[in-house]
Amino acid sequence: MRVMVIVKANKDSEAGILPDRKILEEMGKYNEELAKAGLLLAGEGLQDSSKGARVKFSGSKRTVIDGPFAETKELVAGFWLWQVKSREEAIEWLKRAPFQEGEVEIRQVFEQEDFGEALTPEMRDQEARLRIGGAK
Amino acid sequence: MKATDTHRAIETVWRIESARLIAGLTRIVRDVGLAEDLAQDALLAALERWPSSGVPDNPGAWLMAVAKHRAIDRLRRGKRIEQKHEELGREIEARRSSDGRDLDDAIDDDVGDDLLRLIFLACHPILPTESRVALTLRLLGGLTTEEIARAFLVPEPTVAQRIVRAKRTLAQAHVPFEVPRGVELEKRLGSVLEVIYLIFNEGYTATAGDDWMRPALCEEALRLGRVLAELAPREPEVHGLVALMEIQASRLRARSGPSGEPILLLDQDRSRWDGILVVRGLKGLERAERLGGERGPYRLQASIAACHARARAAEDTDWRRIASLYDELATRLPSPVVELNRAVAHGMAFGPAEGLRLVEPLGAEPSLRAYHLLPSVRGDLLSKLGRRDEARAEFERAARMTRNAQERRLLLERADALGRGA
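Residues numbered from 1 in each chain as written. Chains lettered and ligands numbered in written order. Predicted model: local features only at pLDDT ≥ 70, side-chain atom pairs only at ≥ 80, totals over all residues.

Visitor: Help me out: how do you make sense of the overall build of chain A in this one?
Guide: Counting secondary structure elements, chain A contains four helices and six strands. Each helix and strand of chain A, placed in order from N terminus to C terminus, yields the pattern β-α-α-β-β-β-β-α-β-α. When burial is assessed residue by residue, chain A has 24% of its 136 residues classed as buried. A fraction of 72% describes how many contacts in chain A between residues 6 or more apart in sequence connect residues 24 or more apart. (Helix = DSSP H or I, 4+ residues; strand = E, 2+ residues; numbered from the N terminus. Buried ≥ 20, exposed ≤ 12 C-beta atoms within 10 Å, placed from the backbone. Contact = placed C-beta atoms within 7 Å.)

Here's what the structure looks like:
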C-alpha cells in the first residue's frame, strides 16, 4: 500500500527560513535510508504559503486568494509518498525521522485494487507478450 | 500498548530489520544459516521482552546487540561454532597466503555493503534457480516459508527444503560473503537481476491462482530492485531492470477489464496507468542511459517499454524506434519470442508485409510450435494485408492452441469477423 506522509508548516517554514545545516544533513541521511529500504516513491518540500494561492469555489464563481495563509499548523510544508506493507511499517519508519517537534501525519492512499483482483489467471497469455516489452 | 499491538509492531520491525540483521551477522559468523538462526533467536527474545518493556527506541540496534550476544554465547559453548571458527581462521589464513590484498580490499570495497553481499549470496549461481528465488525472498524480503509457498503455489515443506538445502550448499562450497568484482561481477549480477525479474513476473503474469501473495510479489520485486539500485548505483542494467519493472507495474490496473478479461496494451485506457511509476521508470532509464556503455537486455526492454509509456495515445507510439530497439535486443538476447515481437514492431513501423516477412521463418521454430501467439500474430498481419481466408485459418489455429478461455473467445471473434469463404 501507499501512504502519504504529510509534514506540517511551522513559523520558520512559513517565514521562509531554511532549516539549519545539521537538520538538513540529518534529513538527507534519513531520505537516503528510506531510499535504501526501497520504499521512497516521491517526496518534496514546499515553499512557504506566501508564494502559493487558493482558488475558492462557490457554484460557478471562482475567487483567487493569494497566500500567505494564516493557519500555519494546518498548512502542508512537505510530503513523502511511501510504498509500505502496512500502516505499522509506515509508523515504524516515521518514528525514525529526525524531527524534534511538531506532528507528522500518515494517510493511506486510495488504490483501485491495482494489485488485487485485477490479476486473474486469464491474463497469463496476454502477459507473455507484454513481458518482453509490449510490442503487441 | 496491547499485546497484539506489540506483536504487530515486532512483526513490522522484523520485516524492516531482518535483512540487515542477517547480513551483518553473516559477515561476523560467515554462515548465512547460522546468521539466520541467531537473528531468529533475537526475534524470540524481542517477543518475550517487548510486550512488557515496550518496543525500544532503536529496535534494530537492540536486535543486533542480542544476536551478537547469542553469537558469542554459542561461540563459547557450541561445538558447531567452534568448528566454524576454526574453519574461518583457516579460510582467512588461506586467503592471506594466496592473495594478501584480499582482506584489505574487502574493507575498502566501495560497494561492499553487507546487504549487497547478502543479495549476491542468496542469488549465487551454484544454487538452482528456484532456491535462489526462495532464499532471496526469505533473507532479503523477510517473507516466511509459508508466504513463499503460497506465492509460488508449492507445498510449504518444499520451500522449507529448498531453503535448507540452499544454505547447506552455500556452507559446503565455502561461498565467500563478498561482492564479486570485475568479470565475475557482471555474471553474478546477471543472476541477481534474473532472480528479481523472475519474482516480478511470477506476480505479474499470475500463472495460476488469485492469492493476494502473488501480486505482492510484484511489489516485493520492485522493492528489491529499488534497494539494489541504491546499493549498486553504477550498474546500468540494475537501473534498466528497475525501470522496466516500474513501467510494467504502472499498467497493472489498466490491463484487465471489469470481468477480468485481458486488455491489450494498445487498447488500454492510458489514463489508468500509474503516473508515479511511469515517471519513476523513465527516470530510472535516464539514470541507466547516463551511465553509458553498451545497452544490455534490461535497458533495451525498458527503452521499449518507455516508448509505450511516452505515447499519450496508442496512435502516437514511435514504432520505428521500437523496431530498431528490438533489432538491437535480438542481437543481445536472441530468442524466438524476441523475434516474434520484433516482427510485430516492424509490421507496425513499416507495414504488415514487412512484419510477415520476419514472421515466416519462425514457423520452423520448435520452441514456438505450441505458442498460440505465433498464429495470432500471423493472422493479424494477414488480415491487414486483406488475405482474409489465410488470416481466418490462423486465428482459428491460434484459438485451438490457447488454453485460455477469454483469449479463445477473442480469437474466434476475430476469425468470424473475417467472414466465410471468399
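Visitor: Honestly, the pairing of strand β5 (residues 76-83) of chain A in this entry has me stumped. Any pointers?
Guide: Both faces of the sheet carry side chains from a regular strand, because those side chains alternate between them. All names here are of chain A. Taken together, the seven bridges between strand β1 (residues 2-8) and β5 define a ladder with antiparallel strand orientation. Each residue of the ladder has a partner; that of Arg-2, found in β5, is Gln-83. Strand direction decides the pairing type here: strand β2 (residues 40-45) and β5, joined by five bridges, are antiparallel. Following the sheet pairing, Glu-44 is matched in β5 by Phe-79. (Pairing = 2+ DSSP bridges.)

Visitor: Even after reading the chapter, I still don't get the domain arrangement of chain B, so can you show me in this structure?
Guide: Examined at the domain level, chain B breaks down into domain 1 (1-99), domain 2 (112-224) and domain 3 (370-422). Its C-alpha centre places domain 2 of chain B at a distance of 39 Å from the equivalent point of domain 3 of chain B. (Domains from an automatic or database assignment.)

Visitor: What should I look at first to understand the sheet that holds β5(A) in this one?
Guide: Strand pairing in a sheet is mediated by backbone hydrogen bonds. Such pairs are either parallel or antiparallel. Residues and elements named next belong to chain A. Pairing is antiparallel in the open sheet, where four strands are placed in the order β2-β5-β1-β6. Across the chains shown, the open sheet's two edge strands, defined by having one partner strand only, are β2 and β6 (104-108). The average angle at which neighbouring strand axes cross in this sheet is 15°, direction not considered. Relative to β6, β1 is paired through five bridges, and the arrangement is antiparallel. Residue pairing across strands places Met-4 opposite Arg-107, the latter belonging to β6. (Axes fitted to C-alpha atoms, helices over the stretch in contact; angles between N-to-C directions.)

Visitor: Looking at this structure, I do not really get the environment of B:Ala122. What am I missing?
Guide: Residue and element names in this part refer to chain B. With respect to the element layout, Ala-122 can be found in helix α6 (residues 114-122). Judged by C-beta crowding, with 28 C-beta atoms within 10 Å, Ala-122 ranks as buried. Separated by 69 residues in sequence, Ala-122 and Ser-53 have C-alpha atoms that sit 35 Å apart. Not counting chain neighbours up to four residues away, the residues in contact with Ala-122 comprise Arg-132, Leu-135, Thr-136, Leu-139 and Leu-140.

Visitor: Please explain α6(B) as it appears in this structure.
Guide: Because each turn of an α-helix spans 3.6 residues, side chains separated by three or four positions end up pointing in the same direction. In terms of burial, α6(B) is largely enclosed, as nine of its nine residues are buried. Those residues of α6(B) lying buried are B:Asp114, B:Leu115, B:Leu116, B:Arg117, B:Leu118, B:Ile119, B:Phe120, B:Leu121 and B:Ala122.

Visitor: Help me understand the confidence of the model for chain B in this model?
Guide: For any part of a model where pLDDT is low, the fine detail of the predicted coordinates should not be relied upon. Residue and element names in this part refer to chain B. Across chain B, pLDDT averages 87, with 88% of residues at or above 70. Considering only residues more than four positions removed or in separate chains, one finds that residues 95-112, a stretch of pLDDT under 50, has 12 contacts. Prediction confidence for the complex, expressed as pTM and ipTM, is 0.84 and 0.78 respectively. (pLDDT = per-residue confidence, 0-100.)

Visitor: Hey, could you run me through the packing of helix α7 (residues 129-139) of chain B against helix α9 (residues 156-172) of chain B in this one?
Guide: Axis angle and axis distance: for two packed helices, these are the angle between their axes and the distance between the axes, and together they describe the pair. Residues and elements named next belong to chain B. Relative orientation of the contacting elements α7 and α9 amounts to 90°, with a least axis distance of 9 Å. Relative to α9, α7 is oriented roughly perpendicular. Contacts from Glu-130, Ser-131, Ala-134, Leu-135 and Arg-138 in α7 reach Val-159, Arg-162, Ile-163, Arg-165 and Ala-166 in α9. Along the lines of polarity and charge, the residues of the contact of α7 with α9 split into five nonpolar, one polar and four charged. (Parallel < 35°, antiparallel > 145°, perpendicular 65-115°, else oblique. Nonpolar A, V, L, I, M, F, W, Y, C, P; charged D, E, K, R; others polar.)

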